[in-house]
Amino acid sequence: MQKKWHKDTPLRWKRKKDIEQLIFTVANWCMRNVPSKEKLPKLWIDWKRQNRCYGEYDYTENEITVYPLIHAEVKDIIDTTIHEWVHFLQDTEELIDSIERYKFYKSANPKEIEAILLAKKYTKKCLKDIYRDGRLYFIS
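Residues numbered from 1 in each chain as written. Predicted model: local features only at pLDDT ≥ 70, side-chain atom pairs only at ≥ 80, totals over all residues. Heavy atoms only, no water.

1. Here we look at helix 4 (residues 110-130)
Under the convention used in this document: A run of DSSP states H or I qualifies as a helix once it reaches four residues; a run of E qualifies as a strand once it reaches two. Both are numbered from the N-terminal end. Expected span of a helix, by definition, is 1.5 Å for each gap between consecutive residues, and there is one gap fewer than residues. Between buried and exposed lies partly exposed: a residue is buried under 20% and exposed over 50% of the maximum accessible area for its type, with that area taken using a 1.4 Å probe on protein chains only. Contacts are assigned to residue pairs that have any heavy atoms within 4.5 Å of one another. Whenever two N or O atoms come within 3.5 Å, that pair is a polar contact, provided that in protein one can donate a hydrogen and the other can accept it, and provided that, for residues adjacent in sequence, both atoms are side-chain atoms.
For helix 4, with 21 residues, the first-to-last C-alpha span of 29 Å sits near the 30 Å given by 1.5 Å per residue. Looking only at helix 4, the buried set comprises Lys111, Glu112, Ala115, Ala119, Tyr122, Thr123, Cys126, Leu127, Asp129 and Ile130. Of the surrounding secondary structure, the elements contacted by the buried residues of helix 4 are helix 1 (16-33), helix 2 (74-89), helix 3 (92-101), strand 5 (131-132) and strand 6 (135-137). Between a side-chain oxygen at the N-terminus of helix 4 and the backbone nitrogen of Lys111 the separation is 2.8 Å; the capping residue is Asn109.

2. As for the pairing of strand 2 (residues 42-45)
Threshold: Two strands form a pair only when DSSP identifies at least two bridges running between them.
On strand 2, burial follows the alternation: Leu43 and Ile45 on one face are buried, whereas Lys42 and Trp44 on the facing-out side are not. Note that strand 2 and strand 4 (residues 63-66) share four bridges and pair parallel. Paired with Lys42 across the two strands is Glu63, which belongs to strand 4.

3. So, the side chain of Asp18
Tracing the backbone through its elements, the reader meets Asp18 in helix 1. A polar contact of 2.9 Å, which involves the side chain of Asp18, links it to the side chain of Arg15.

4. Comments concerning the sheet that holds strand 2
Cut-off, in case you're wondering: Note on method: axes are straight lines fitted to C-alpha atoms, helices fitted across the in-contact stretch only, with angles between N-to-C directions ranging 0 to 180 degrees.
Taking strand neighbours across the sheet as the criterion, the three strands line up as 2-4-3 in an open arrangement whose pairing is mixed. Of all the strands in the sheet, the pair left with one neighbour each is strand 2 and strand 3 (55-58). Ignoring which end each strand starts from, the neighbouring axes of this sheet average 15° apart. Here four bridges tie strand 3 to strand 4, and the two strands are oriented antiparallel to one another. By the bridge assignment for strand 4, Asp58 is matched with Glu63. Of the strands in this sheet, strand 3 and strand 4 touch helix 2, which is tilted by about 20° from strand 3.

5. Some details on the packing of helix 1 against helix 4
Let me state the cut-off plainly: By definition in this entry, angles of less than 35 degrees are roughly parallel, angles greater than 145 are roughly antiparallel, angles of 65 to 115 are roughly perpendicular, and the rest are oblique. All residues other than Ala, Val, Leu, Ile, Met, Phe, Trp, Tyr, Cys, Pro, Asp, Glu, Lys and Arg, Gly among them, are scored as polar; the first ten of these are nonpolar and the last four charged.
Running from N to C, helix 1 and helix 4 point in directions that differ by 110°, and their axes come no closer than 11 Å. The angle between helix 1 and helix 4 falls in the class roughly perpendicular. For the pair helix 1 and helix 4, the contacting residues are Leu22, Thr25, Val26, Trp29 and Asn33 in the first and Tyr122, Lys125, Cys126, Asp129 and Ile130 in the second. Grouping the amino acids of the contact of helix 1 with helix 4 by side-chain chemistry returns six nonpolar, two polar and two charged.

6. Let's talk about the pattern of salt bridges
Heads up, the condition is: We define a salt bridge as a side-chain nitrogen of Lys or Arg found within 4 Å of a carboxyl oxygen belonging to Asp or Glu.
Applying the stated rule across the entire model yields eight salt bridges. Of the charged contacts in the structure, one is a salt bridge between Asp97 and Arg101, with a shortest N-O distance of 3.1 Å. With Asp97 and Arg101 both in helix 3 and four residues apart, the pair spans about one turn of that helix.

Right under this line is the structure:
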């Protein structure tokens, strides 16, 4: 399916089902391009308003949740989805330890820094793969 969205397209007036399709497209891209041999996480899209949380990975339930209403543009949703995928790939014991150790200084958490850097790197590649000729190509 083809959508006339650019990577900088604002999400404010986009339909929920199209935003959800974008998130699932990015998750599919992650499965193919940043694979894991672990059991794949469930992907949830939560439409409640968030003030600070863009997404989260729950390692106890093996679930990724993305909160679309806080995102401004297409590239932001892509970055968040990949960021949470990186957390899924991280060693669970190390992730738990780093969350506890850096709970008061999250920006110094090496696992968070790794997720930020890899999401930035992979967002560019993901955009290149799903964004062509001025349009976003949703891969199903």
